[in-house]
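If you want the building blocks of each chain, they are given just below.
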Amino acid sequence: MVCYNNICFTQNVTLKPLLRESNMKERLQFCISMLDQITLGDAEPKFIDMQNIVHMDEKWFYMTKKKRKYYLLPEEDDPTRTVQNKNNIGKVMLLTVVARPRRDAQGTVIFSGKIGVWAFVKEVPAARKSQNRARGTLETKSIIVNRNVMREYLIEKVIPAIKSCWPHDAVRETIFIQQDNARTHVLPNDPAFLEAVAATGLDIRLMQQPPNSPDMNVLDLGFFRSIQSLTDCRSPTTIEELIHDVEEEFEEYDMENLNRVFLTLQMCM
């Protein structure tokens with residue numbers, strides 16, 4: 001906030017979802033459900049550590065932005081940035097799944113919290129030839145994400161990834177996959193999902209976060225923005241490069257920063 005002659009100006013005010021009265025009630029109920037039941041009788045109840053809650057969401061990642069800020073030396077020239085159509089910047093949607101990192105009593109990392117990231121794409125042969133490629137060359141194309149696609153990714157990618165990386169000393173606990181209320185997301189009682197979970201021997205359940213509350217998910221709260229900023233520094237020029245860069249930044253992401261986003265979520269409650 002900047003004040004001048006007793007008039008204050010606020011900059012960079014972002015739009016936020018409209019919370020109706022029903023949304024506020026559901027949001028409050030969600031926050032109350034995150035309280036540690038053992039501490040309810042204390043003067044200062046505490047929230048659970050959220051170590052058994054997996055956050056899942058999807059996001060469009062872009063190859064570049066219309067406007068970017070650069071810090072240059074006096075002798076440096078302004079960078080040249082060109083695209084064929086500034087209103088049609090290359091992008092790809094990726095599904096990201098994370099949980100809270102864990103350490104043992106000695107401080108050794110036993111779980112990074114980074115479960116996986118997968119692009120909603122498929123390879124299709126080019127229907128026509130162009131100056132860039134011959135006819136029949138495989139191209140990476142985005143696919144339309146609906147409930148069937150989400151179910152496929154959930155069963156074939158997310159659940160196996162959770163099973164393979166979940167800490168061995170915590171396999172008996174109930175694992176909740178938190179998702180928002182998008183129509184494309186799988187319902188908690190979906191038969192195919194329940195059958196896939198039963199085959200793993202784990203207790204994995206789906207849960208919904210409050211409507212119009214993206215800040216109740218660590219991905220929308222800060223993780224996505226961080227990964228997009230890191231990917232922008234690589235300046236990918238193709239969809240394949242964009243996917244590769246996002247996957248690398250995801251793998252190299254500092255787990256302590258991921259843990260801080262979970263701490264921020266607790267403070268938001």
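Residues numbered from 1 in each chain as written. Predicted model: local features only at pLDDT ≥ 70, side-chain atom pairs only at ≥ 80, totals over all residues. Heavy atoms only, no water.

## Some remarks on the overall build of the protein
At step 1: Of regular secondary structure, the protein possesses six helices and eleven strands.
At step 2: Taken over the C-alpha atoms alone, the protein extends approximately 65 × 65 × 45 Å along its principal axes.
At step 3: Counting every position in the protein, which comprises 269 residues, the buried fraction comes to 38%.
At step 4: Contacts spanning at least 24 positions in sequence make up 69% of the contacts within the protein whose residues lie at least 6 apart.
At step 5: Across the protein, the 34 positively charged side chains and the 36 negatively charged ones have centroids separated by 7 Å. (Helix = DSSP H or I, 4+ residues; strand = E, 2+ residues; numbered from the N terminus. Buried < 20%, exposed > 50% of the residue type's maximum accessible area, 1.4 Å probe, protein only. Contact = heavy atoms within 4.5 Å. Lys, Arg positive; Asp, Glu negative; His and termini not counted. Charge placed at Lys NZ, Arg CZ, Asp CG, Glu CD.)

## Here's the deal with a negative patch on the surface
At step 1: Together, E75, E76, D77 and D78 make up a region of like negative charge exposed at the surface.
At step 2: Judged by its relative accessible area of 60%, E75 falls in the exposed class. (Patch = residues over 30% accessible without salt bridge, like charges linked within 9 Å, V, L, I, M, F, W, Y side chains within 5 Å. Areas by Shrake-Rupley, 256 points an atom, 1.4 Å probe, with all protein chains shown as cover. Salt bridge = Lys/Arg side-chain N within 4 Å of Asp/Glu carboxyl O.)

## A look at the packing of helix α4 (residues 218-232) against helix α6 (residues 255-268)
At step 1: Where α4 meets α6, the axes come as close as 9 Å, and the angle between the chain directions of the two elements is 145 degrees. The two elements α4 and α6 meet at a crossing, and its hand is right-handed. Along its contact with α4, which presents V218, L221, G222 and F223, the element α6 presents L258, V261, F262, T264, L265 and C268.
At step 2: Broken down by class, the residue content of the contact of α4 with α6 amounts to eight nonpolar, two polar and no charged. (Axes fitted to C-alpha atoms, helices over the stretch in contact; angles between N-to-C directions. Left-handed = near helix turned anticlockwise from the far one by under 90°. Nonpolar A, V, L, I, M, F, W, Y, C, P; charged D, E, K, R; others polar.)

## A short note on helix α1 (residues 21-33)
At step 1: Its 13 residues place the ends of α1 19 Å apart at the C-alpha level, agreeing with the 18 Å of an ideal helix rising 1.5 Å per residue.
At step 2: For α1, the set of buried residues is N23, R27, F30 and C31. Seen from one end, α1 has its buried residues packed into an arc of 95 degrees, which puts them on one side. In α1, those exposed residues whose orientation departs by more than 90 degrees from the buried face are E21, L28 and Q29.
At step 3: Structurally, α1 contributes buried residues whose contacts are with β10 (175-179) and β11 (204-208). (Expected span 1.5 Å × (residues − 1). Arc of directions from axis to C-beta.)

## What to know about the nonpolar core
At step 1: Ranked by size, the top nonpolar core spans 30 residues in total, and within it V54, I115, V158, I162, W166, I177 and I204 carry the most contacts.
At step 2: Put simply, the parts of the chain that give this core at least two residues each are β3 (53-62), β4 (91-98), β7 (114-119), α2 (147-165), β10, α3 (191-200) and β11.
At step 3: With eight residues, the single largest contributor to this core is α2.
At step 4: When near neighbours in sequence (up to four residues on either side) are disregarded, V54 contacts V97, V98, A99, I115, I162, W166, I175, F176, I177 and Q178.
At step 5: One finds I53, V92, M216 and I227 within the second-largest nonpolar core, a separate group that totals 29 residues. (Core = buried A, V, L, I, M, F, W, Y, C linked by side-chain atoms within 4.5 Å.)

## Observations regarding the confidence of the model for the protein
At step 1: Across the protein, the average pLDDT comes to 89, with 96% of residues at 70 or higher.
At step 2: Per-element averaging of pLDDT across the protein places strand β1 (residues 2-4) at the bottom with 61 and β7 at the top with 97. (pLDDT = per-residue confidence, 0-100.)

## Description of the pairing of β4
At step 1: Within β4, seven of the eight residues are buried, which leaves the element mostly enclosed by the surrounding structure.
At step 2: Relative to β4, β3 runs antiparallel, the two sharing eight bridges. Its bridge partner lying in β4, Y62 is registered against K91.
At step 3: Here five bridges tie β4 to β7, and the two strands are oriented antiparallel to one another. Within β7, the position partnered with V98 by the bridge is K114. (Pairing = 2+ DSSP bridges.)

## Details of the pattern of salt bridges
At step 1: What the rule picks out here adds up to twelve salt bridges.
At step 2: K65 is paired through a salt bridge with D232; the nearest N and O atoms lie 3.6 Å apart. Here K65 is found in the loop between β3 and β4, whereas its partner D232 is found in helix α4, with 167 residues between them in sequence.
At step 3: Here D203 and R205 are joined by a salt bridge, their closest N and O atoms 3.1 Å apart.
At step 4: The class of D203 is partly exposed, set by a relative accessible area of 27%.
At step 5: For R205, a relative accessible area of 42% corresponds to the partly exposed category.
At step 6: Members of the salt-bridge network, linked through shared partners, are R234, D245, E248, E249 and E252.

## As for the packing of aromatic side chains
At step 1: In total, this model carries five aromatic pairs according to the counting rule given.
At step 2: With centroids separated by 5.3 Å and ring planes inclined at 55 degrees, the aromatic side chains of F111 and W166 adopt a geometry described as tilted. With F111 in strand β6 (residues 109-111) and W166 in the loop between α2 and β10, this pair connects stretches of sequence that are 55 residues apart.
At step 3: The exposure class assigned to W166 is buried, which follows from its relative accessible area of 3%.
At step 4: Ring centres of F223 and Y253 lie 4.8 Å apart, and the angle between their planes is 70 degrees; this geometry places the pair in the edge-to-face category. Taken together, the residues span a long stretch of sequence, with F223 in helix α4 and Y253 in the loop between α5 (239-252) and α6 at a distance of 30 residues. No difference in accessibility class separates F223 from Y253, as the two residues are buried.
At step 5: The rings of F223, F250 and Y253 are connected pair by pair, giving a single aromatic cluster. (Phe/Tyr/Trp six-rings, centres within 6.5 Å; stacked < 30°, edge-to-face > 60°.)

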